[in-house]
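# Overview (structure and organization)
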Amino acid sequence: MDAWVGHEVPSLPGTSPALRLYDSARRGVFESAPSGPATMYVCGITPYDATHLGHAATMITFDLVQRLWRDAGHPVTYVQNVTDIDDPLLERASRDGEDWLVLAMRETALFREDMEALRIIPPAHYVGAVESIPRIAGHVRDLIAAGCAYTLEDGTGDVYFKVASAPDFGYESHLSRDEMVALSAERGGDPERAGKLDPLDPLLWRGARDGEPAWDGGDLGPGRPGWHIECATIALTLLGTTIDVQGGGNDLLYPHHECSAAHAETLTGDRPFARHFVHAGMIGLDGAKMSKSKGNLVFVSRLRGDGVDPMAVRLGLLAGHYRSDREWTDDVLKTGHQRLARWRTAASSASGPSGEGFLSAVREALADDLDAPSALAVVDAWSEAAMAGAGDDPAAPALMARTVDALLGIRL
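Residues numbered from 1 in each chain as written. Predicted model: local features only at pLDDT ≥ 70, side-chain atom pairs only at ≥ 80, totals over all residues. Heavy atoms only, no water.

## Focus on the side chain of Asp86
The test is simple: Only DSSP runs of H or I reaching four residues or more are called helices, and only runs of E reaching two or more are called strands; each is numbered from the N terminus. Each residue's exposure class comes from its accessible area (1.4 Å probe, protein chains only) as a fraction of the maximum for that residue type: buried when under 20%, exposed when over 50%, partly exposed otherwise. The sign given to each residue is positive for Lys and Arg and negative for Asp and Glu; His and the chain ends receive no count. We define a salt bridge as a side-chain nitrogen of Lys or Arg found within 4 Å of a carboxyl oxygen belonging to Asp or Glu. Note on contacts: a residue pair qualifies if any of its non-hydrogen atoms lie within 4.5 Å across the two residues.
Mapped onto the elements of the fold, Asp86 is located in the loop between β4 (76-82) and α2 (87-96). Buried and unpaired, Asp86 has no salt bridge, with Arg224 as the nearest side chain of opposite charge at 4.3 Å. Not counting residues up to four positions away in its chain, the partners in contact with Asp86 are Thr46, Arg224 and Trp227.

So this is what it looks like as structure tokens:
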């Protein structure tokens with residue numbers, strides 16, 4: 001599957017300090033120090049609706065990670081998936097009387113357009129679940145052979161992972177068993193299903209059902225993959241047994257990231273699956289999390305269609321710290337537009353305060369667990385000074401424009 005079209009990222013003098021990131025498993029901020037190419041896996045969309053601002057905020061978060069790694073001199077291998085077969089996609093297609101494949105292709109194409117408009121650096125590998133099914137089925141068979149998975153005896157052909165085979169299950173999310181059961185039911189699991197060895201056991205392979213698409217699973221029989229094993233397989237195939245960052249929204253911490261890590265670690269014997277499990281906060285609207293189930297979505301494509309500058313949208317989402325749940329309001333967008341206008345005016349100044357000191361301050365802010373609000377404040381202060389005629393560095397405005405482009409992804 002093809003990703004979106006990238007853009008040239010300006011080079012900057014010097015390098016960023018080592019990136020420090022919050023790791024959900026260790027509950028603290030730790031240095032990310034890749035020994036070779038930096039590796040990152042970010043969970044992508046299930047393409048049954050358009051890209052909303054929650055998606056955009058998550059993708060911007062991990063775009064910053066990639067930009068800071070690159071600026072520090074690390075080559076980056078970034079992988080993102082597309083869950084182009086899953087229950088929500090089939091349900092939406094059935095509701096609308098549409099072919100599920102056409103729906104998935106259309107919404108994936110729209111997501112690409114939105115990511116390009118927001119200047120998200122594309123992943124090195126953009127991979128669909130469907131194209132990965134042979135490898136996923138192979139991993140499910142491996143787990144069965146190792147005694148870590150089982151087929152239900154109800155004739156459905158459904159295969160489940162034994163969480164008992166992952167003795168450290170729960171180390172990433174730090175949730176109680178009762179909390180895990182409740183979230184599993186809320187987020188696509190089936191803890192009450194009869195025949196499971198443990199209510200928390202997640203689905204690996206769904207046997208074929210009438211009226212649903214199915215693929216050859218070899219000894220598994222026809223069917224389609226579960227969600228968590230999809231991401232584990234794609235990451236293991238393209239990035240190896242231990243990656244630097246597994247990323248997504250904080251609603252993926254459990255069960256998705258907990259289960260995908262457990263699958264990967266059980267398959268390979270290596271732990272932890274990721275050196276940093278990094279989670280972005282949710283974007284809310286009118287006091288509630290922005291989600292498809294609530295119907296309170298603000299779509300990137302709709303904003304673009306209304307003539308909103310994608311850079312103002314990006315600035316609005318950068319104004320809050322990535323780990324915080326935060327609200328999207330008209331004022332947030334208005335402030336984004338105003339900030340963008342000031343920065344563009346300042347970048348056209350004949351001179352400004354020291355560009356070298358400015359660049360260093362922006363790097364330091366972003367290296368501190370992606371503190372984008374502090375980085376924006378640095379740019380704001382420099383811009384106000386430049387527009388007031390302070391500073392006599394004629395090269396500073398051009399360096400300012402390259403800095404916010406390279407590190408914040410904002411084109412002036």
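## Re the sheet that holds strand β12 (residues 283-285)
Working definition: the strands of a sheet are paired by backbone hydrogen bonds and lie parallel or antiparallel to each other. For the record, the criterion: Here, a strand pair is defined by DSSP locating no fewer than two bridges between the strands.
Ordered by their spatial adjacency, three strands build an open sheet running β13-β12-β14, and the pairing between neighbours is mixed. The sheet is open, and its two edges are formed by β13 (288-289) and β14 (326-327), each paired on a single side. By the bridge criterion, two bridges tie β12 to β14 in an arrangement that is parallel. Bridging across to β14, Gly284 finds its partner in Glu327.

## Side note on the pattern of salt bridges
The full count for this structure, using the stated rule, is 26 salt bridges. One salt bridge connects Glu212 with Arg224, and the closest N-O pair in it is separated by 3.1 Å. A residue pair is termed long-range when its members are at least 10 positions apart, and Glu212 in the loop between β8 (203-207) and β9 (223-225) and Arg224 in strand β9 qualify at twelve residues. Asp309 serves as the salt-bridge partner of Arg344, at 3.1 Å between the closest nitrogen and oxygen. You can see Arg344 sitting in helix α10 (residues 330-347) and its partner Asp309 sitting in the loop between α8 (300-305) and α9 (310-318), a full 35 residues away along the chain. Beyond isolated ion pairs, a larger network of salt bridges with shared partners links Asp87, Arg206, Glu212 and Arg224.

## Quick word on the nonpolar core
Under the convention used in this document: Think of a nonpolar core as a cluster: buried Ala, Val, Leu, Ile, Met, Phe, Trp, Tyr and Cys residues, connected wherever their side-chain atoms sit within 4.5 Å.
Of all hydrophobic cores here, the largest spans 66 residues; its most connected members are Leu53, Val313, Leu317, Trp343 and Leu408. If you tally residues by element for this core, the top one is helix α1 (residues 53-71), at ten residues. Other than its neighbours up to four places away in sequence, Leu408 contacts Leu64, Arg314, Leu318, Trp343, Leu366, Ala375, Leu376, Val379 and Thr403. Counting residues in hydrophobic clusters, the runner-up holds 41 residues, among them Trp205, Ala235, Ala274 and Phe277.

## Section: the packing of α1 against helix α13 (residues 396-408)
Definition in use: Axis definition: a line fit to C-alpha positions, over the contact stretch in the case of helices; interaxial angles, taken between N-to-C directions, run 0 to 180 degrees. For this classification, Asp, Glu, Lys and Arg are treated as charged, while Ala, Val, Leu, Ile, Met, Phe, Trp, Tyr, Cys and Pro are nonpolar and the rest, including Gly, are polar.
Relative orientation of the contacting elements α1 and α13 amounts to 120°, with a least axis distance of 8 Å. Note on element contacts: α13 touches α1 through Asp405, Ala406, Leu407 and Leu408, opposite Leu64, Arg67, Leu68 and Asp71. Its residues placed into classes, the contact of α1 with α13 shows five nonpolar, no polar and three charged.

## Observations concerning the packing of aromatic side chains
To keep it simple, the criterion reads: By convention, a stacked pair of Phe, Tyr or Trp rings (six-membered ring in the case of Trp) has centres within 6.5 Å and planes under 30 degrees apart, an edge-to-face pair has planes over 60 apart, and any other such pair is tilted. Two conditions define a charge located above a ring, namely a distance within 6 Å from the ring centre to NZ of Lys or CZ of Arg, and an angle within 35 degrees of the ring normal.
Applying the stated criterion to the full structure yields seven aromatic pairs. By way of ring pairs, the aromatic residues Trp4, Phe111 and Tyr126 are connected into one cluster. One residue, Arg26, lies across the ring of Phe30, its end atom 4.0 Å from the ring centre.

## Examining the state of the cysteines
Selection rule: Note that a disulfide, as used here, is simply two cysteine sulfur atoms within 2.5 Å.
Going through the model one piece at a time under the given rule, you end up with zero disulfides. No disulfide involves Cys148; its nearest neighbouring cysteine sulfur is the one of Cys259, lying 14 Å away.

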